[in-house]
Amino acid sequence: MNALTLFLPCAAGVEGYLAAEIERITGLPQASMLASRGGVELPGSWRDAMKLNLHSRLSQRVLVRLAYQPYRSEHDVYDIASEVAWEIWFSPRQTIKVEVTAQHSPLQSLNFAGLRVKDAICDRLRDKRGERPSVDTLRPDVRIFTHLTHDACTVYIDTSGEPLFKRGWREDKGDAPLKETLAAAMIAATGWTGEPGPDGQPVPLYDPCCGSGTVLIEAAQMALNIAPGRQRRFGFEKLLPFQPHVWQALKQEAQDAELPLPAQPFIFGSDIAFRMVDFARRNAERAGVMQALELRGGDALQRMPPTTSPGVLLLNPPYGERIAAAGVAGQRAES
Ligand SMILES: C[S@@+](CC[C@H](N)C(=O)[O-])C[C@H]1O[C@@H](n2cnc3c(N)ncnc32)[C@H](O)[C@@H]1O
């Protein structure tokens, strides 16, 4: 399990930030990675896979590549999936789900390709372990992803389970919440890292349309070095190579590296809807960062800056699709 090929999918445009994040987490130089559209591929160990799940803010999942071969038909897809040693990853007592994505695939039906992958897995486990696993499309123990291009078939086993944007602290959603991975990408794009400025003081960050607090909570966790995955479970915990003691040690290492909560808030949020401010507060409390935050109600176009120190202003404003601008901006839009 020490010479794996990992693939971390991310939103288009985030690849460069993700490669830098992977370098920070694993120590692997970016030159050893392949950033392609929608993800980053890298050589890594099983331990790296667990560590990336725990610490990555930008990737959607951590996948292990198990096959990468040319194909022309569904028959080839079946053969490629049959050659994977599924029996070292999970047992037939576990449930599976196969998902297929494609770009310019010559195949008529992706559903049928997915069925062929599922058949190959079930047939192989029946031959090797005497039983076929069942499919569970809602809460599978094991997720398998197949990606088809015009001539190549790649098969991955997932190590994340629920997608990584689910950090485990959100209960209050609001009307148009950002995905946590996207909020983290927005913060990365500003260059704000949460590290102190040249004067040794925290660099403030302000979201004046904070909604349920996604940007603020991501930022606060970054500044306090809190691992985004510390409050959730992962798919790898159900796979056969899982070693609980290695995982516990990684979690302990992450907990030991957390910074103390600040005496003064340095991350500011406000929203015109008091209900949203309340959601943000409750989410921040669950995420363990409320002490770093100052939250207020108010119209973004009327509030005074929350601090005189230079910092970053970052917002995901209402744009009239899922939610309309309120307050002064809303009146202007109407007139
Ligand atoms: C797209 S949502 C932000 C969602 C947020 N990023 C999250 O993850 O929950 C836009 C937010 O802007 C707020 N809003 C609308 N008009 C506003 C105004 N004039 N001043 C401040 N906030 C406003 C809405 O109440 C809403 O919470």
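Just so we're clear, the structure is a prediction, and the values are computed from it rather than from any experiment.

Segmentation of the protein chain into domains returns domain 1 (4–158) and domain 2 (180–224 + 261–334). One C-alpha centre belongs to domain 1, the other to domain 2; they are set 35 Å apart. Each partner contributes to the interface: domain 1 provides five residues, whereas domain 2 provides nine residues. Taking both sides of the interface into account, the surface hidden between domain 1 and domain 2 amounts to around 610 Å²; carbon and sulfur atoms contribute 63%. Sorting the residues of domain 1 by area buried against domain 2 places Tyr-17, Arg-57 and Leu-58 first, and these three jointly supply 83% of that buried surface. Viewed at the interface, domain 2 and domain 1 are joined by one salt bridge.

Residues in close proximity to the ligand total 22 residues, the closest being Ser-212, Thr-214, Asp-271, Ala-300 and Ala-326. Between the ligand and Leu-178, the relevant distance is 2.9 Å, taken from an oxygen atom to a main-chain nitrogen or oxygen of the residue. A distance of 3.1 Å is found between a nitrogen atom of the ligand and a side-chain nitrogen or oxygen belonging to Asp-299. With the chains in place, 95% of the 610 Å² that the ligand exposes on its own is no longer accessible. A breakdown of the residues in the shell around the ligand according to their chemical character gives 15 nonpolar, five polar and two charged.

Applying the stated criterion to the full structure yields eight aromatic pairs. Taken together, a centroid distance of 5.9 Å and an interplanar angle of 45° make the contact between Phe-236 and Phe-242 tilted. Judged on exposure class, the residue Phe-236 and its partner Phe-242 are both buried. Relative to Trp-247, the ring of Phe-236 has its centre 4.9 Å away and its plane inclined at 85°; by these criteria the two rings are edge-to-face. Note that Phe-236 is positioned in the loop between helix 6 (214–223) and helix 7 (244–256) and Trp-247 in helix 7, a separation of eleven residues in sequence. Taking the relative accessible area as the measure of exposure, Phe-236 reaches 1% and is therefore buried. Classification of Trp-247 as buried rests on a relative accessible area of 2%. Through a chain of ring-to-ring contacts, the aromatic side chains of Trp-46, Trp-89, Phe-234, Phe-236, Phe-242 and Trp-247 assemble into a single cluster. Over the ring of Phe-165 we find Lys-179; its NZ or CZ atom is 5.0 Å from the centre of that ring.

A word on the environment of Leu-239. Structurally, the position occupied by Leu-239 is in the loop between helix 6 and helix 7. Taking C-alpha positions, Leu-239 is 5.5 Å from Phe-90, a pair spaced 149 residues apart along the chain. The residues touching Leu-239, leaving out its near neighbours within four places in the chain, are Trp-46, Trp-89, Val-142, Ile-157 and Asp-158.

Thresholds applied
Residues numbered from 1 in each chain as written. Predicted model: local features only at pLDDT ≥ 70, side-chain atom pairs only at ≥ 80, totals over all residues. Heavy atoms only, no water. Domains from an automatic or database assignment. Contact = heavy atoms within 4.5 Å. Buried area = accessible area lost by both parts, 1.4 Å probe. Salt bridge = Lys/Arg side-chain N within 4 Å of Asp/Glu carboxyl O. Near = heavy atom within 4 Å. Polar contact = N/O pair within 3.5 Å; in protein donor to acceptor, adjacent residues only side chain to side chain. Areas by Shrake-Rupley, 256 points an atom, 1.4 Å probe, with all protein chains shown as cover. Nonpolar A, V, L, I, M, F, W, Y, C, P; charged D, E, K, R; others polar. Phe/Tyr/Trp six-rings, centres within 6.5 Å; stacked < 30°, edge-to-face > 60°. Buried < 20%, exposed > 50% of the residue type's maximum accessible area, 1.4 Å probe, protein only. Helix = DSSP H or I, 4+ residues; strand = E, 2+ residues; numbered from the N terminus. Lys NZ or Arg CZ within 6 Å of the ring centre and 35° of its normal.

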